[in-house]
Amino acid sequence: MKVERKCKIVELNRLDPVTFWMVLEVGKMVERDGLRGGQFLHIKCGGGQLLRRPISVAYAGWDEPEDLATLIFEVRGEGTAWLSRRKVGDELDVIGPLGNGFDASQPGRYLLVGGGIGIPPLMQYGECMEWPRTAVLGFRTKDKAFPAITSRFQDHCEQTYICTDDGTLGRHGFVDAQVRDILEQDSNYTAVLTCGPRSMLKSVATAAAEFGVPCQVSMEERMGCGVGACLVCAITMKDGTVKHVCKDGPVFAAQEVDWNA
Amino acid sequence: MPDVNMQVDLAGVTLKNPVVVASGTFGFGREYSQFYSLGELGGICAKGLTLHPRMGNPSPRIAETPMGILNSVGLENPGVDAFIAEGLPFLRKFDTKVIANISGNTPEEYGIMCEKLSDAGVDMIEVNISCPNVKAGGLAYGTRPELAAEVTETAKKHAGNVPVMVKLSPNVTDITEIARAVEGAGADALSLINTIRGMRIDINTRRPVLRMNTGGLSGPAVLPVAVRMVWEVFQAVRLPILGMGGVSRGEDAAQLMLAGASAVAVGTALFADPFAPLAVRDGLAEIAQRQGLSAVSELTGGVRPW
Ligand SMILES: Cc1cc2nc3c(=O)[nH]c(=O)nc-3n(C[C@H](O)[C@H](O)[C@H](O)COP(=O)(O)OP(=O)(O)OC[C@H]3O[C@@H](n4cnc5c(N)ncnc54)[C@H](O)[C@@H]3O)c2cc1C
Ligand SMILES: Cc1cc2nc3c(=O)[nH]c(=O)nc-3n(C[C@H](O)[C@H](O)[C@H](O)COP(=O)(O)O)c2cc1C
Ligand code: FES
C-alpha cells in the first residue's frame, strides 16, 4: 500500500558540500509495505516547489519505534537544496513506497554496477542480499568516493572494484571497462544490477548482453505524480510501447529498453 | 461534515459534491484509489481517450515553472476500447460519476467514440477540442467557432442520452465566441480551462526543458485566468460550467463557483498532495457554512462585480 505521511529526519550528514546522507523515520513502511532499497520516496520540498522530488531508498530496515530509510542525495537545484537545509527533528511530507526496486530473488551470483549518485540505490543489495556479489563503483574523482558508502560494499561483497574518471582512485576510466574485464574472466553471473547516468547504463547493458548476462537498469525520468497517474515519466521500450518510470520502474530489464529513443 | 448541502447538478447529472478530478491528472482512478475511496469524489474525468491507442510524446514531458507546471504528455492512452473493457468497470465499483474525456483527429472519430461510450454507459462525455484537427491542417478545433460547433454537433448526434460537455481551450482571443458556437451546436455543459500554451528554456544548454519545446501550463499560476474565463463564459451562455485551472484549496474552488461554475475540477494539485480534492471539498463546505449558505450551489454565479 502507498501512503502519504510525515516522516521525521533522525539523521542528516553532509558528505561533501553537495552530497547529503539522510535517515528518515517512515512509520511501518518497511515492515508493512515492504519498502526496500532501489524503490523511491516522493518528497515534498518547500520553498515554492510545486512538484515533489523523487529520491531513491539506499537502505531500509525494520526499527523501533519506527522503521528507518536512508536516502543519499546530491544538491542539483532548489528542491534538493531545500532538502539539504533541513535539520534533524524536522518532518518531511513523503509518499511511498514507490517503484519496484531490483529483483535479486533468484539464487546465484550478482554483479552490482553503480555510477556516482546512482550508487546509493544499490547499497542495500551490496550490504545484505542473500547471494554472493561483486561490486563495481564508479566516481568522477577520489573525493566523491565517500567511505561511508564504499565501505558498505567493501565489507560485504566478495570483491569491490573502484573506478574514477580521472584516475585519482582505483582504476582509471569508466565502469563498463571494468565490467567487461570481469565478465571476460567469468561470466557466470545471475544478473547485473545497475544504476547511474543513462550513458553508463547503456554501455553496461551492452557489455552484459555481449556476455549473455541478464541486466536490470534503474532509469530516471522527470516526474509529476510519482504514482502512475499523470503519465509524464515515460520511457520508450524496444517493442515500441511506453512504460512509466514511477510505476513500471524505476528498474527495467535492460534488453527491453529502447536505448536509442 | 457540516450540514451544508454539497450536492450539485451538472447538466442533469447529480454530483454528491462539486469536486471532480481533472482529465489527465488522475489516470483511470486506480492509482489514487490506493489513498482513498473514489466514492469521496463528486466525479472523475478520466484520462483523455482517442479512438486508437497513442504512445504520446517523447520525454521530458514535464517542467516546473513558478507556481505551475508545463506538460507535453501528448494524449498517451490505451484507446477508447481498452478504457471500456478495463478502466470503466473499475471506476464503476465506486459511487461517483464517471466522465469520459475524448479527443479526435476528425469529427467522425469523435462520433465513433461517443457512440461507444454512450453504449458502455458513462455518466457524461467531456469533449476535448484543444487538439489539432488533422483535416483542417492541424488547426485546433477549440480555436475556431465553426470547427468547435461541428465537433459538438457530431458528438451530440452519437452520444444518445449521455450529456456532452465541451472542454474549451484558453488559447484563444475570445473564449465567449467559442462558447456561444458550442452552445448553439447543442452542448449540454462546458468545462474550462484546458492548459495554456507555454515554454521554459534551460539557459545553460539553451534547450527547451520539454522535448516538444512547448507544453501546457497548469497549476496555481493559471487560477486567475480560469476565474476570468469562467466569469466571461458564464455571462455569455446559459450552459452549466465545470470550472478548473489551478484549484488547490477550497477558496480557489469558491472563486470559480462565484464566477459561475456549477462544479470544479482539481488537477495539478494532486501531484503535490493526492488528498487535494478532498481538502478542496472540505474547504468549500467550510466556506459555505461560514457564509451561512444551506447549499454550496448557492455560490454559483454569486460574484458581485463592480
Ligand atoms: C526514480 C528516481 C530516483 C532518484 N534518486 C535519487 C537519489 O537517490 N539521489 C539523488 O541525488 N537524486 C536522485 N534522483 C534525481 C533527483 O530526483 C533530482 O536531482 C531532483 O529531482 C532535482 O530537483 P531539484 O529541485 O534539486 O533540481 P531542479 O531545479 O528540478 O533540477 C536541477 C537539475 O536536475 C535535473 N533533474 C531534475 N529532475 C530530475 C529527475 N527526476 N531526474 C534526473 N534529473 C533531473 C534537471 O535537468 C536540472 O538540470 C532520482 C530521480 C528519480 C527519477
Ligand atoms: C499531466 C496533465 C495531463 C493532462 N491531460 C489532459 C487530457 O488528456 N485531456 C484534457 O482534456 N485535459 C488534460 N489536461 C488538462 C487538465 O484536465 C486541466 O484542464 C488543466 O490541467 C487545468 O487544471 P489544473 O491547473 O487543476 O491542473 C492535463 C493536464 C495535465 C497537468
Ligand atoms: S510521475 Fe506521474 S506517471 Fe510517473
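What you see is a predicted model; the values in this text were computed from it and never measured.

Draft legend 1. Seen up close, the packing of helix 4 (residues 175-184) of chain B against helix 5 (residues 223-236) of chain B. All names here are of chain B. At a minimum axis distance of 9 Å, the contact between helix 4 and helix 5 shows a crossing angle of 45°. On the basis of the axis angle, helix 4 is oblique to helix 5. Pair helix 4 / helix 5 crosses with right-handed handedness. Within the contact between the two elements, helix 4 uses Ile-175, Thr-176, Ala-179, Arg-180 and Glu-183 and helix 5 uses Met-229, Glu-232, Val-233 and Ala-236.

Draft legend 2. Region of interest: the pairing of strand 7 (residues 97-102) of chain B. Residues and elements named next belong to chain B. Across the six residues of strand 7, five count as buried, placing the element largely inside the fold. In the sheet, strand 7 pairs with strand 8 (residues 124-128) via four bridges, with the strands oriented parallel. Directly across from Ile-99, in strand 8, lies its bridge partner Met-124.

Draft legend 3. Focus on the site of ligand 2. Residues and elements named next belong to chain B. The local shell around ligand 2 holds 22 residues, among which Ser-23, Lys-167, Gly-219, Gly-246 and Thr-268 are the closest. Between ligand 2 and Gly-219, the relevant distance is 2.8 Å, taken from an oxygen atom to a main-chain nitrogen or oxygen of the residue. In the complex, the protein chains occlude 97% of the 610 Å² of accessible area that ligand 2 would expose alone. Split by residue class, the shell around ligand 2 holds five nonpolar, 15 polar and two charged.

Draft legend 4. Region of interest: the pairing of strand 6 (residues 68-74) of chain A. Residues and elements named next belong to chain A. The buried count for strand 6 comes to six of seven residues, which makes it a mostly enclosed element. Summarising the sheet, strand 2 (residues 19-25) and strand 6 pair through seven bridges and their orientation is antiparallel. Bridging across to strand 6, Glu-25 finds its partner in Leu-68. Where strand 5 (residues 59-61) lies against strand 6, three bridges are found, and the strand directions are antiparallel. Note that in strand 6 the partner of Ala-60 across the bridge is Ala-69. Here strand 5 folds back onto strand 6 in antiparallel fashion, the turn holding six residues.

Draft legend 5. Fine view of the site of ligand 1. Residues and elements named next belong to chain A. The environment of ligand 1 is made up of 18 residues, and the closest members are Arg-53, Pro-54, Gly-79, Thr-80 and Glu-220. The separation between an oxygen atom of ligand 1 and a polar main-chain atom of Gly-77 is 2.8 Å. Look at ligand 1: alone it shows 860 Å² of surface, and the protein chains cover 80% of it. At the level of elements, strand 4 (53-56), strand 6 and helix 1 (78-84) are the ones that each hand at least two residues to the shell around ligand 1. When residues of the shell around ligand 1 are assigned to their parent elements, the largest contribution, four residues, is made by strand 4. In terms of residue class, the shell around ligand 1 is made up of seven nonpolar, four polar and seven charged.

Draft legend 6. Quick look at helix 8 (residues 276-290) of chain B. Residues and elements named next belong to chain B. Over its 15 residues, helix 8 runs 21 Å from end to end, which matches the ideal 21 Å to within 8%, given 1.5 Å per residue. Those residues of helix 8 that sit buried are Ala-276, Pro-277, Leu-278, Val-280, Arg-281, Gly-283, Leu-284, Ala-285, Ile-287 and Ala-288. Positive backbone phi, at 70°, marks Gly-292, one or two positions downstream of helix 8.

Draft legend 7. Representation of the sheet that holds strand 6 (residues 68-71) of chain B in the model. Residues and elements named next belong to chain B. Across the sheet, four strands lie side by side as 5-6-16-13; this open sheet has antiparallel pairing. In this open sheet, the two strands that pair with only one neighbour each are strand 5 (62-65) and strand 13 (196-199). Here the average twist between neighbouring strands, direction ignored, is 40°. With three bridges joining them, strand 6 and strand 16 (residues 214-218) adopt antiparallel strand pairing. Pairing of Leu-70 across the sheet is with Leu-217, part of strand 16.

Draft legend 8. Structural context of the interface of chain A and chain B. Chain A puts 31 residues into the contact, and the matching count from chain B is 28 residues. Both sides of the chain A and chain B interface together cover about 2400 Å² of buried area, and 60% of this is carbon and sulfur. At the junction of chain A and chain B, the tally comes to two salt bridges. One salt bridge connects Arg53(A) with Glu64(B), and the closest N-O pair in it is separated by 2.9 Å. Our enumeration of links across chain A and chain B arrives at ten residue pairs in polar contact (both at pLDDT 80 or more). Looking at the side of chain A that touches chain B, the elements with two or more residues in it are strand 1 (3-16), strand 14 (234-236) and strand 15 (242-244) of chain A. Along the lines of polarity and charge, the residues of the side of chain A that touches chain B split into 15 nonpolar, eight polar and eight charged.

Reading guide: rules and limits
Residues numbered from 1 in each chain as written. Chains lettered and ligands numbered in written order. Predicted model: local features only at pLDDT ≥ 70, side-chain atom pairs only at ≥ 80, totals over all residues. Heavy atoms only, no water. Axes fitted to C-alpha atoms, helices over the stretch in contact; angles between N-to-C directions. Helix = DSSP H or I, 4+ residues; strand = E, 2+ residues; numbered from the N terminus. Parallel < 35°, antiparallel > 145°, perpendicular 65-115°, else oblique. Left-handed = near helix turned anticlockwise from the far one by under 90°. Contact = heavy atoms within 4.5 Å. Buried < 20%, exposed > 50% of the residue type's maximum accessible area, 1.4 Å probe, protein only. Pairing = 2+ DSSP bridges. Near = heavy atom within 4 Å. Polar contact = N/O pair within 3.5 Å; in protein donor to acceptor, adjacent residues only side chain to side chain. Areas by Shrake-Rupley, 256 points an atom, 1.4 Å probe, with all protein chains shown as cover. Nonpolar A, V, L, I, M, F, W, Y, C, P; charged D, E, K, R; others polar. Expected span 1.5 Å × (residues − 1). Buried area = accessible area lost by both parts, 1.4 Å probe. Salt bridge = Lys/Arg side-chain N within 4 Å of Asp/Glu carboxyl O.

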